[in-house]
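So the chains spell out like this:
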Amino acid sequence: MKTISSFILMSAPLLVYAQGSELEVIEILVPKQPLVIAGTEHAMSYIDDRSTYTLNRTIADQLSTLVGVNLSGQGGQFQSYSIRGFSRGRIRTEIDGIPIITDRRAGNSASFIAPQLFSTGRVIKGPSSALYGSQALGGVVSLSTESLDKTVLRISGQSVDQGISVAVNHQDNNFTSAFAYQQANDAEAVNGDVLNTEFERVSGLLRYKHQFDGYTTTASWLPSIGKNIGKSNIKYPIRQVSSYPQEQHSLAQLQVSADDKWSVKLFHHYQNWDSETHRFDQYDGLTQYQSHTLGGQWLHQIRLKEQESYWGIDWLSRKGVKITSDYHLHSEKEDISYSLISNEMTGKEDNFALYGKTQWHWKDVQLALGLRYDWLMQHSQQAERSVDNHFNASLSIELPLSDTFKAGLDIGNGFRYPTLTERFFYGKTPRGVIAGEQTLRPETSVGTQLFVTWYPLEHISVHTALYHYELNNYIERYTLNDVQLSYRNLGRAQVYGFESELRWYQSDSIEHEVSYQQQVGEDDSGQVLADLHPRKLSWRARLTFERWSLTNSYSYYLEVNQVGNSEQVRNSFTVWDLSLEHQLNVHHSVSLSVNNITNEEYYASLDEDAAFQPKRSFKLSTSWQF
């Protein structure tokens, strides 16, 4: 508690409240985004403040409300997510443009930042996402902390884990500061199981912008400190207890831009965390992890009549990656209490890339062409260095066929380099002995996406996408023998799926969203791939009347009978969430949310070690604007 308290005291003087000016309640504005290369608009989905009706434990809960995005991994604070069945190192997560690489085998996520600190989120789907590089073969999750000039204080508490959250966001012209404190105890499942979900965390944000003579300089720092973070697992608490005693992150960035012409930035992400596992019949283990992610980007924009072009240079470096594991093995001999096994992996990598994108119009046709070349070197003291390079391209065509119907095609190739742990790590872990494979080859893909958008009536739109990925050298973790796991390349694999979303603006105060998703994936031997998203039918409605607003969300997950390695079958289930908000006055609002109304017993993912999700939960929230 001493570390948490110190952080609060240091941050308190930085939380400056704005002067009391009147705010518009109805007007919705979106802060200006910095110059970036993004995918095509039809391949994007968005989250904002209206997505907080979920449990909102981490940003993953909000992302999972989008069609084509699903939860994966075991659960708890480190719940990860997948995009159209791609997860782990196949999707890129970034915060204000800084890539998040945590080397966790379940995948990278932004769970170490309170979701209240994010203002918007964007998910890029489709083959064109590969323009972001190796970590973006399957898509990109881009989160932003940019907000409007205002000060907002949010306080919430929920019943299922006695969790509390306090967050203050302040932005005034060129200065932004934010602070969030979160704490929760163990939750409980419907069947009475205790879930290892306790944690305590503080996170914050400082950003300053200086504008002069057409140039904008931005400096930001986003720190986070967590402690006693439970790792949810079906083996808890009888067979195994896993936790993170401490976790520290620091994201810093300096960026200079010239209007919408060019921008250059440097960034740094430092992380240091410990993982502790007690497997009562086998061992007690402690893993210590630290790393530095450094990088820079130059991005230039050129506009010529109907043509808009971007070109850039990327540098991404991982330094000081160190994983140390110590395991005390329990002995069956009465005179020996334990034996000790220690492992250490050190590694580094450098990735340089050149890329460009051109968009232009030809009559009624919109076209976009993207190109990228990457060179990457990975090195470990325990093995020889590995050097790879790859070139990828993508093409997008969008054509209006009538006033109410348009269609388009995305096609492109992508790649993913093996991670440092997949190539170089060797050691005992909670899942068994993990043996890296240095000879792993990069994954490559050729993806195709066909989309149509239809406006059958003035207030109704239907967006549908069909997609297919042909994958080569797909990297899979597998069981080498009874006690050892390793990684291998599959010869070929394919993923194909369908998703559709209907939006109906019934009136100025009533809005409906209905979506459906379905996906299949298998290797060339017919084995089902892991982390595929389930068949799901969702309906979400928002009603706004005077000062009241109601969000009703209902999702039906169909049963899953065919699963990949390290996964379990799952019965069908429903998840029903409801949120009611009342605007007391121009500054103050309160809301009550009920999650899992039907008290359904279900797993959020197919992971064989995934624990049940929490039972019915009530959350009371309030916010003030100044």
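All of the points below concern the structure found in this document. The residue count restarts for each chain, going from 1 along the sequence in the order it is written. In view of the model being predicted, local features appear only for residues whose pLDDT reaches at least 70, and side-chain atom pairs are presented and counted only at 80 or more, with totals across whole chains, interfaces and linings using the full set of residues. Values shown for side chains rest on all heavy atoms present in the structure; no hydrogens or waters enter the calculation.

Attention now moves to the overall build of the chain. Only runs of H or I of at least four residues qualify as helices and only runs of E of at least two qualify as strands under DSSP, and these elements are numbered from the N terminus. Within the chain, the secondary structure is distributed over three helices and 35 strands. Atoms considered for the radius of gyration are the C-alpha atoms alone. The globule rule reads 2.2 Å times the number of residues to the power 0.38. Scaling as 2.2 N^0.38, a compact globule of 626 residues should have a C-alpha radius of gyration of about 25 Å, and the chain matches this with 24 Å. Seen through its principal axes, the chain has C-alpha atoms that stretch 80 × 50 × 50 Å. Sequence-distant contacts, at least 24 apart, represent 62% of the contacts inside the chain between residues at least 6 apart. Method for areas: the Shrake-Rupley scheme with a 1.4 Å probe, in which residue coverage is limited to the protein chains shown. Counting only carbon and sulfur atoms, one obtains 55% of the accessible surface of the chain, whose full area is about 27,600 Å². This count recognises Lys and Arg as positive and Asp and Glu as negative, with His and chain-terminal groups excluded. Lysine's charge is taken at NZ, arginine's at CZ, aspartate's at CG and glutamate's at CD. In the chain, 54 positive and 70 negative side-chain charges are present, and the distance between their average locations comes to 3 Å. In this description, contact between two residues means that some pair of their heavy atoms is separated by no more than 4.5 Å.

The two faces of the sheet receive side chains in turn, since in a regular strand these alternate between them. DSSP bridges decide pairing: two strands pair if at least two such bridges lie between them. Here 21 bridges tie strand 17 (residues 283-304) to strand 18 (residues 307-330), and the two strands are oriented antiparallel to one another. Residue Q290 lies in a different strand from strand 18, and its bridge partner there is K322. Connecting strand 17 to the next strand, strand 18, in antiparallel fashion are two residues, including K305 with a positive phi near 55°.

We now examine the sheet that holds strand 6 (residues 120-124). Read across the open sheet, the five strands follow the order 1-6-7-4-5; overall the sheet is mixed. Each edge of the open sheet is held by one strand with a lone partner, namely strand 1 (44-47) and strand 5 (98-99). Two elements, strand 4 (residues 91-95) and strand 7 (residues 139-144), share five bridges in a ladder whose sense is parallel. Within the sheet, the bridge partner assigned to I91 lies in strand 7 and is G139.

Moving on, we get to unusual backbone geometry. Cis geometry is found at the peptide bond from Y236 to P237, where omega equals -5°. With phi around 50°, D96 is a residue other than glycine that occupies positive phi space. On the secondary structure map, D96 appears in the loop between strand 4 and strand 5. Despite not being glycine, S566 shows a phi value in the positive range, around 65°.

Before going further, it helps to spend a moment on the layout of surface pockets. Definitions used for this entry: grid spacing 1 Å over protein atoms alone; cavity, a set of points where a 1.4 Å probe fits but cannot get out; pocket, an open set with protein on both sides within 12 Å along at least 5 of 7 lines; lining residue, one with an atom within 4 Å of a point. Grid points are joined across faces, edges and corners, and a volume is the space filled by probe spheres set on the points. There is about 700 Å³ of room inside the second largest pocket. Lining of the second largest pocket is provided by 33 residues; of these, M44, S45, Y46, E501 and R503 occupy positions nearest its centre. The classification used treats Ala, Val, Leu, Ile, Met, Phe, Trp, Tyr, Cys and Pro as nonpolar, Asp, Glu, Lys and Arg as charged, and all other residues, Gly among them, as polar. Here the residues of the lining of the second largest pocket sort into 10 nonpolar, nine polar and 14 charged.

Here the focus is the packing of aromatic side chains. Centres within 6.5 Å make a pair out of two Phe, Tyr or Trp rings, where for Trp the six-membered ring is used; the pair is then stacked when the planes are under 30 degrees apart, edge-to-face when over 60, and tilted otherwise. Counted by the stated rule, this structure contains 16 aromatic pairs. Here F573 and Y602 contribute two aromatic rings whose centre-to-centre distance is 4.7 Å and whose plane-to-plane angle is 15°, an arrangement assigned as stacked. Of this pair, F573 sits in strand 33 (residues 573-583) while Y602 sits in the loop between strand 34 (588-595) and strand 35 (617-625), placing them 29 residues apart in sequence. Of the residues examined, F573 reaches a relative accessible area of 3% and is grouped as buried. Judged by relative accessible area, Y602 falls into the buried class, the value being 12%. An aromatic cluster is built from F78, Y244, W273 and Y289, whose rings are joined through pairwise contacts. Comment: the charge-over-ring label is applied if NZ (Lys) or CZ (Arg) is within 6 Å of the ring centre and within 35 degrees of the ring normal. The lysine or arginine in question, R90, covers the ring of Y474, its NZ or CZ lying 4.2 Å from the ring centre. Think of it in three bands: with a 1.4 Å probe and only protein chains considered, a residue is buried below 20% of the maximum accessible area for its type, exposed above 50%, and partly exposed in between.

Turning next to the side chain of N473. Mapped onto the elements, N473 comes out in the loop between strand 26 (460-472) and strand 27 (475-479). Excluding residues that lie within four positions of it along the chain, N473 makes contacts with R441, P442, E443, N489, L490 and G491.

So, on to the pairing of strand 9 (residues 164-172). Of the pairings in the sheet, the one linking strand 8 (residues 151-158) to strand 9 comprises seven bridges and is antiparallel in character. Bridged to I155 within strand 9 is V166. The turn joining strand 8 and strand 9, which pair antiparallel and follow one another in sequence, is formed by five residues; a positive phi near 55° is taken by Q162. As paired elements, strand 9 and strand 10 (residues 175-184) share nine bridges and run antiparallel to each other. The residue bridging D172 from the neighbouring strand is F175, located in strand 10. The turn joining strand 9 and strand 10, which pair antiparallel and follow one another in sequence, is formed by two residues; a positive phi near 55° is taken by N173.

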